[in-house]
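Understanding the architecture of this molecule
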Amino acid sequence: EAQVTQNPRYLITVTGKKLTVTCSQNMNHEYMSWYRQDPGLGLRQIYYSMNVEVTDKGDVPEGYKVSRKEKRNFPLILESPSPNQTSLYFCASSSYRDRGIYGYTFGSGTRLTVV
Amino acid sequence: AQTVTQSQPEMSVQEAETVTLSCTYDTSESNYYLFWYKQPPSRQMILVIRQEAYKQQNATENRFSVNFQKAAKSFSLKISDSQLGDTAMYFCAFTLFEGGATNKLIFGTGTLLAVQP
């Protein structure tokens, strides 16, 4: 089954404790991206990657890191989480050529709470 | 910069009735894609319908259809014969045809639709 697998689904952590949210896709998509969803703000892009070893900042990158060492994986790293990073996070992927047909495929989301 | 606006934070409709969700966007580009995504309480993001800007014909997927007005930069979603399972947050989204360096999907703030029995 074609999918984006995102883990964990829920995470509660304390301020300053490094964490990683994993994202993996099995569709050989070039493009992967991280979004955060907050009430009244919709989804905002954090980081994106056009291909292996190619990453760039989105609209709200402060406090986050990413890496793209393999085409299928795109982990999101919070080096020192703070309460304002409490949010719902989504990983998404797409084929550049086919995104107009199939859109973007999303993971099931990670609900992160930083206390 | 491209923006997407959904001016209806919440809407309600009776089961079996028809409802229209509004979306406007702003861009200076002429070729782009528009999408409607559904997010039920399970929070999964589900593609409902898509539209290519270079196609004049409005997209239709079963009970879901769009009214795409390119000159007005409007992309509304019509849900016919509303069902309880349509209760969800609906997001309008936009991406450029020539994504280039960003290939970014830009979202509106969402409309929470409640279908009443």
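Summarised in this report is the structure supplied together with it. Since we're looking at a predicted model, the values are computed, not measured.

Reading the values: the criteria
Residues numbered from 1 in each chain as written. Chains lettered and ligands numbered in written order. Predicted model: local features only at pLDDT ≥ 70, side-chain atom pairs only at ≥ 80, totals over all residues. Heavy atoms only, no water. Core = buried A, V, L, I, M, F, W, Y, C linked by side-chain atoms within 4.5 Å. Buried < 20%, exposed > 50% of the residue type's maximum accessible area, 1.4 Å probe, protein only. Helix = DSSP H or I, 4+ residues; strand = E, 2+ residues; numbered from the N terminus. Contact = heavy atoms within 4.5 Å. Disulfide = S-S within 2.5 Å.

A separate point is the nonpolar core. Core analysis: the biggest nonpolar cluster contains 27 residues, and Y25, Y32, W36, F75, L77, Y90 and F94 of chain B have the highest contact counts within it. Here this core gets five residues from one element, more than from any other, and that element is strand 10 (residues 88–96) of chain B. Not counting the four nearest positions on each side in its chain, Y32 of chain B is found in contact with Y25, T27, Q51, E52, A53, F68, K70, F94, T95, L96 and F97 of chain B. One finds V21, C23, Y89 and V114 of chain A within the second-largest nonpolar core, a separate group that totals 18 residues.

Another point: the state of the cysteines. Counted by the stated rule, this structure contains two disulfides over all chains. A sulfur-sulfur distance of 1.8 Å marks the disulfide that ties C23 of chain A to C91 of chain A. Taking the sign of the S-S torsion, -70 degrees for the link of C23 of chain A and C91 of chain A, the bridge is left-handed. Taken together, the positions of C23 of chain A in strand 3 (residues 19–25) and C91 of chain A in strand 9 (residues 87–94) put the pair 68 residues apart, joining distant regions of the chain. Exposure remark for C91 of chain A: the relative accessible area of 0% places this residue in the buried category. The disulfide bridge from C23 of chain B ends at C92 of chain B, spanning 2.0 Å between sulfur atoms. Linking C23 of chain B and C92 of chain B, the disulfide has an S-S dihedral of approximately -70 degrees and is accordingly described as left-handed. In this pair, C23 of chain B sits in the loop between strand 3 (19–21) and strand 4 (24–26) while C92 of chain B sits in strand 10, placing the two residues 69 residues apart along the sequence. The exposure class assigned to C92 of chain B is buried, which follows from its relative accessible area of 0%.

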